[in-house]
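So you can see what is in the structure, the chains are spelled out below.
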Amino acid sequence: MKKKKLFLPLIFATGLLTVSCGNSSRPASDTASADTVVTPGTDNTDPLTLFLEDNIGQYPRDAGLFEDATFRKRLKALVGEENYLFVQKNFQTQTPIDYGRDYGKPDYIIMQGFETHNAGFNDISIAYNPATGNLMAKIIKEGSKPMRFQELNESFPF
């Protein structure tokens, strides 16, 4: 019985060591600065792709989504200043940044937010396709019909 009790913790510790040794953290030299010009979707060094993929499973507020210079600049350019301020103000209750399996788009990175206690009335969905570098957003303001924005013309996930 003692051998069995020692064997299970040993297997568990070995598994943890294996997982931690497979850490995929990137050295600082691999990330592009906000001033670096990179064509989105052409390779895996696109700053927005790196940022979002590094934060899969994190809530946007915890990841600092709206503090990320690349994301902020591209979203403002996509939806305009007024809509960007609306998104910032109403992205209160959030879903984690995750792949879009629930939307039939497993390669897209998707996050959603809405005004607290007001889902569906002030609602924001943001998607990103790392393969093409396409940033997309759907905004519902005050119960309006959804406004859809995208940098490239491709299939919309929501």
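Residues numbered from 1 in each chain as written. Predicted model: local features only at pLDDT ≥ 70, side-chain atom pairs only at ≥ 80, totals over all residues. Heavy atoms only, no water.

Caption draft 1: Region of the structure containing the overall build of the chain. Scanning the chain for helices and strands turns up five helices and six strands. Listing the helices and strands of the chain from first to last along the sequence gives α-α-α-α-α-β-β-β-β-β-β. Counting every position in the chain, which comprises 158 residues, the buried fraction comes to 37%. For the chain, restricting intrachain contacts to residue pairs at least 6 apart in sequence, the fraction spanning at least 24 positions comes to 41%. Counting every atom, the chain has about 9,600 Å² of accessible surface; 56% of that belongs to carbon and sulfur. (Helix = DSSP H or I, 4+ residues; strand = E, 2+ residues; numbered from the N terminus. Buried < 20%, exposed > 50% of the residue type's maximum accessible area, 1.4 Å probe, protein only. Contact = heavy atoms within 4.5 Å. Areas by Shrake-Rupley, 256 points an atom, 1.4 Å probe, with all protein chains shown as cover.)

Caption draft 2: Local environment of the packing of helix α4 (residues 69-79) against helix α5 (residues 81-90). At their nearest, the axes of α4 and α5 sit 7 Å apart, and the two run at 125 degrees to each other. Overall, the two elements α4 and α5 adopt an arrangement that is oblique. The crossing of α4 and α5 is right-handed. Listed contacts from α5 to R72, L75, K76 and V79 of α4 are E81, N83, Y84 and V87. For the contact of α4 with α5, the class distribution of residues is four nonpolar, one polar and three charged. (Axes fitted to C-alpha atoms, helices over the stretch in contact; angles between N-to-C directions. Parallel < 35°, antiparallel > 145°, perpendicular 65-115°, else oblique. Left-handed = near helix turned anticlockwise from the far one by under 90°. Nonpolar A, V, L, I, M, F, W, Y, C, P; charged D, E, K, R; others polar.)

Caption draft 3: The arrangement of the pattern of salt bridges in detail. Under the criterion given, the structure shown has four salt bridges. Residues D46 and R74 are paired through a salt bridge, measuring 3.9 Å at the closest nitrogen-oxygen approach. Note that D46 is positioned in the loop between α1 (2-21) and α2 (47-54) and R74 in helix α4, a separation of 28 residues in sequence. Beyond isolated ion pairs, a larger network of salt bridges with shared partners links D46, R74 and E151. (Salt bridge = Lys/Arg side-chain N within 4 Å of Asp/Glu carboxyl O.)

Caption draft 4: Region of interest: the pairing of strand β6 (residues 147-150). Sheet topology note: the strand β5 (residues 134-140)/β6 ladder contains four bridges and is antiparallel. Paired with K138 across the two strands is R148, which belongs to β6. Two successive antiparallel strands, β5 and β6, enclose a turn made up of six residues, where E142 displays a positive phi of approximately 50 degrees. (Pairing = 2+ DSSP bridges.)

Caption draft 5: Structural context of the side chain of K138. As for its placement among the helices and strands, K138 is situated in strand β5. When residues no more than four places from it in sequence are discounted, the contact partners of K138 are D123, I124, S125, P146, M147, R148, F156 and F158.

Caption draft 6: Representation of the environment of Y99. By the secondary structure assignment, Y99 is in strand β2 (residues 98-100). With 29 residues separating them along the chain, Y99 and Y128 place their C-alpha atoms 9.4 Å apart. In contact with Y99, other than residues within four places in its own chain, are E53, I56, P106, D107, Y108 and I109.

Caption draft 7: A look at the packing of aromatic side chains. This structure, assessed with the given rule, holds four aromatic pairs. A ring pair is formed by F66 and F71, whose centres lie 5.6 Å apart and whose planes are at 80 degrees; its orientation type is edge-to-face. A relative accessible area of 0% means that F71 is categorised as buried. Between F66 and F91 the ring centres are 5.4 Å apart and the planes differ by 70 degrees, which places this aromatic pair in the edge-to-face class. On the criterion of sequence distance, the pair formed by F66 in the loop between α3 (60-63) and α4 and F91 in the loop between α5 and β1 (93-94) is long-range, its members being 25 residues apart. Taking the relative accessible area as the measure of exposure, F66 reaches 12% and is therefore buried. On the basis of relative accessibility, which here comes to 5%, the residue F91 falls in the buried class. (Phe/Tyr/Trp six-rings, centres within 6.5 Å; stacked < 30°, edge-to-face > 60°.)

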